[in-house]
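Structural characterization, general
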Amino acid sequence: MNKNKNNLLTSDLLLSAIKESFLKLNPKVQMKNPVMFVTLVGAALTTVISLLNVGRDSSSFEIQITLWLWFTVLFANFAEAIAEGRGKAQADSLRKSRTSTEARLLKSGKETRISAANLKLHDLVVCEAGDIIPGDGEITEGIASVDESAITGESAPVIRESGGDRSAVTGGTRVISDRIVVRITAEAGSSFLDRMIALVEGAKRQKTPNEIALSIVLSGLTIIFVLAVMTLKPFTDYAAAAAGQDLSVIITVPVMIALLVCLIPTTIGGLLSAIGISGMDRLIQKNVIATSGRAVEAAGDIDVLLLDKTGTITLGNRMASNFLSVQGVQTQDLAKAAQLASLADETPEGRSIVVLAKEKFALRAEAVQPHQVEFVPFTAQTRMSGIDFDQEGKTISIRKGAADSIVKYVQELGGQVPSDLKAIVDGVAKKGATPLVVVQEKQILGVVDLKDVVKGGIRERFAELRKMGIKTVMITGDNAMTAAAIAAEAGVDDFMAQATPETKLKRIREEQAKGHLVAMTGDGTNDAPALAQADVGVAMNTGTQAAREAGNMVDLDSNPTKLIEIVEIGKQLLMTRGSLTTFSIANDVAKYFAILPALFGALYISQAEKAGPLTIFNIMNLASPQSAILSAVIFNALIIVALIPLALRGVAYRAEGSSAVLRRNLLIYGLGGIIIPFVGIKVIDLVITSIGLV
């Protein structure tokens, strides 16, 4: 995906949004936004009345009111269309990357070329260097280098292989080298790319719970103001009759409608949808796809973060730095056994052990032939890996793994645990490194010191999250002592040592039972239950299909650290919505006090006075009732346009607690929402009276 998305407005986007603004005048569309629907109905009524009153003295004034009421609706539509247009532009970019391809269907060992559109679930297809992968799937055979730039925007190829957590492939990506067999896991039209396009362009966007709640509040305020304005006409007629006055020329139906539109929360009503869409757009700019606006909103409410240590808190490439043998064992023997146990270990740790043994002791594992070897892979349950090989007709077993797992393994075999092992393990763990214990047969040989480095600046990031009331929990497979040392260095609030998929899921449920909202990342099939349980589950794009289906977000860059940025974007979305809601309500209060005194300034006027007693409240000194109402209607429309960039960009994010955010909103957007209308309406009043519009 193209990462250069910082332009808020382009000429093509503006033209498309203007067109969409008129198409959105459809009442069926407007009914989804009660505030703007009332404004639309008001604009339609004033249009009819203005047409009926053509030729009368008040017709010019009423036509101006009508035009600005329509502008108010159009500007609100424009804000939403701009936000949607940016998403559609990104969807078009993704759509261009999707090409019509042929698939090499594999059945009964024979290949048949068919259209990718005709592939069915569980079909097997062959892909070789230069082929476009025809659909989403899991690699069942082989390993290949794959170009995913069409989706991620990253030019560097990635490795995909069968049997691991990096077996998922996406339709539309290209195989660069080697050969793989892929089992199709998505039908035509429902691939990952198809779903991305639908989500990005907003075709399936639904209101989030917070949006629905806010819409209900805004609808309630609208109903209150409708009832209040409806009572003004009979009240004015009664008061005018009692004072022997005729205010029917001033208090007309178009004026009452204009007053209503100015008083209901049209500012936030017009921008609410744009704010939500833009929140998803900001995630997309970070190369993260959210399955719904609900997920983005939930990210803003998160108060517990479960973070994998490796790759998120630490640099992730733990490197063997030393061999520490137990008493009575030669260090070279330990290095030789560790190297043999790591020959099939493709992790950075495994490769570093092989290299360190070669550098220190010139060991090359020449005595072991591939046909004599059976490799034992690492599992979360055993927490060890190793090798079984034949030597002079006897099977030799070597294992390396977590200290407690190796000790248990040796004890089950009837072996003895060296008396100095615990001191070596504790010494490595206390300095924040990972102790990897090596055993040959029943004899523990010693410990490999695996060094890991905490990322620079991560402690400060966690401090910021703590200010916002977010608890950070580090998850690691390391023993408790190593985990504690790294947790203290990184500055997390808590840690889970020797974590398994089951304990992750249990921890999430425990936090949720306490009323917390939890976010986590994962990439493997064993992470899928926890990703599905978490309120925000961010799956890595390099992970398995099961993980991507379980999470409600997918990180195309597969960067676990990005979870922190996702939470910040969610917080920014909620801050933006809260700030503009505060501004809108304060704005309406200011307009109320600005307009009503000017409208009713002539009421109860005596023969000896030039103005009525209510004129004292006309602190803005507006020229006339007509200029007051027209100035307010114009300001009400223009403020929506003025706030579109802020709604799209979001308010500046700050790592603050909710009480600090509330105080800042009240100070900046609450006070600003009162002051700006007074200034704006007065300036507009001066302009329209000077050019003779009223």
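Note that the structure is predicted; figures quoted are calculated from it, not measured.

1. Quick notes on the UniProt feature "binding site: ATP" (unreviewed entry) in the chain
Within this structure's numbering, the places UniProt gives as "binding site: ATP" (unreviewed entry) are Asp345, Glu349, Phe378, Thr379, Ala380, Gln381, Thr382, Arg383, Met384, Ser385 and Lys400. Judged by relative accessible area, which is 13%, Glu349 ranks as buried. Among all residues touching Glu349, those that are not within four sequence positions of it are Arg318 and Leu450. Note on placement: Thr379 falls in the loop between strand 12 (373–376) and strand 13 (384–391). What makes Thr379 partly exposed here is its relative accessible area of 29%.

2. A closer look at the pairing of strand 10 (residues 304–308)
Most of strand 10 is tucked away, with 4 of its 5 residues classed as buried. Across 3 bridges, the pairing between strand 10 and strand 19 (residues 518–522) is parallel. Each residue of the ladder has a partner; that of Leu305, found in strand 19, is Ala519.

3. Describing the sheet that holds strand 17 (residues 471–475)
Spatially, 9-21-20-19-10-17-18 is the arrangement adopted by the 7 strands of the open sheet, whose pairing is mixed. Both edges of this open sheet fall to strand 9 (288–290) and strand 18 (494–496), since each of them pairs with a single strand only. For this sheet, the mean angle separating the axes of adjacent strands, direction not counted, is 20 degrees. Strands in contact with helix 9 (residues 266–285) are strand 9 and strand 21 (553–555); relative to strand 9, the strand with the most contacts, it is inclined by about 150 degrees.

4. A short note on the UniProt feature "transmembrane region" (unreviewed entry) in the chain
As recorded in UniProt, the feature "transmembrane region" (unreviewed entry) lies at residues 34–53, 65–83, 212–230, 250–277, 589–608, 628–648 and 668–693. Secondary structure within residues 212–230 divides into 100% helix and 0% strand; the distance between the first and last C-alpha atoms comes to 27 Å. The span residues 668–693 is 88% helix and 0% strand, and its two end C-alpha atoms sit 33 Å from each other.

5. Some remarks on the side chain of Lys504
Its place among the elements puts Lys504 in helix 17 (residues 501–513). Excluding anything up to four places from it in sequence, Lys504 contacts Asp308, Ile475, Met496, Met520, Asp527 and Ala530.

6. Considering the sheet that holds strand 15 (residues 434–440)
What the 6 strands build is an open sheet, ordered 11-16-15-14-13-12; its pairing is antiparallel. A strand with exactly one partner marks an edge of an open sheet, and here the two such strands are strand 11 (319–325) and strand 12. Within this sheet the neighbouring strands show an average axis-to-axis angle of 20 degrees, counted without direction. Relative to strand 14 (residues 394–401), strand 13 runs antiparallel, the two sharing 8 bridges. Pairing of Gly386 across the sheet is with Arg399, part of strand 14. Lying on the sheet, helix 13 (residues 403–412) is in contact with strand 13, strand 14, strand 15 and strand 16 (443–451); it crosses strand 14 at an angle near 150 degrees. Against the sheet, helix 14 (residues 421–430) engages strand 11, strand 15 and strand 16, with an angle of about 10 degrees to strand 16.

7. Side note on the packing of aromatic side chains
Under the definition given, this model contains 2 aromatic pairs. Ring plane angle 10 degrees and centroid distance 5.7 Å describe the contact between Phe71 and Phe75, whose orientation is recorded as stacked. On the criterion of helical spacing, the pair formed by Phe71 and Phe75 is a turn pair, its members being 4 residues apart in helix 4 (residues 59–97).

8. Points about unusual backbone geometry
The residue Arg383 is not glycine, and still its phi comes out positive at about 55 degrees. Tracing the chain through its elements places Arg383 in the loop between strand 12 and strand 13. A positive phi is found at Glu441, a non-glycine position, where the angle reads about 60 degrees. In this structure, Glu441 sits in the loop between strand 15 and strand 16. The exposure class of Glu441 is partly exposed, given its relative accessible area of 29%.

9. Let's talk about helix 11 (residues 331–341)
In an α-helix, one full turn covers 3.6 residues, which means residues spaced three or four apart are oriented alike. Taken together, the buried positions of helix 11 are Leu334, Ala335, Ala337, Ala338, Gln339, Leu340 and Ala341. At its buried positions, helix 11 is contacted by strand 11, helix 12 (348–361), strand 13, strand 14, strand 15 and strand 16.

10. A look at the domain arrangement of the chain
Assigned domains of the chain: these are domain 1 (1–98 + 191–286), domain 2 (102–185), domain 3 (289–310 + 456–567), domain 4 (315–453) and domain 5 (656–693). The C-alpha centroid of domain 4 is placed 30 Å from the C-alpha centroid of domain 3. Contact residues are listed per partner, giving 13 residues for domain 3 and 15 residues for domain 4. The tally of links from domain 3 across to domain 4 stands at 0 salt bridges. The tally of links between domain 3 and domain 4 comes to 2 residue pairs in polar contact (both at pLDDT 80 or more). Here the side of domain 3 that touches domain 4 gets 4 residues from one element, more than from any other, and that element is helix 16 (residues 480–490). Residues belonging to the side of domain 3 that touches domain 4 are distributed by class as follows: 4 nonpolar, 6 polar and 3 charged.

Here is what the cut-offs are and how they apply
- Residues numbered from 1 in each chain as written.
- Predicted model: local features only at pLDDT ≥ 70, side-chain atom pairs only at ≥ 80, totals over all residues.
- Heavy atoms only, no water.
- UniProt positions renumbered as here; feature names shortened; annotations may be inferred.
- Buried < 20%, exposed > 50% of the residue type's maximum accessible area, 1.4 Å probe, protein only.
- Contact = heavy atoms within 4.5 Å.
- Helix = DSSP H or I, 4+ residues; strand = E, 2+ residues; numbered from the N terminus.
- Pairing = 2+ DSSP bridges.
- Axes fitted to C-alpha atoms, helices over the stretch in contact; angles between N-to-C directions.
- Phe/Tyr/Trp six-rings, centres within 6.5 Å; stacked < 30°, edge-to-face > 60°.
- Domains from an automatic or database assignment.
- Salt bridge = Lys/Arg side-chain N within 4 Å of Asp/Glu carboxyl O.
- Polar contact = N/O pair within 3.5 Å; in protein donor to acceptor, adjacent residues only side chain to side chain.
- Nonpolar A, V, L, I, M, F, W, Y, C, P; charged D, E, K, R; others polar.

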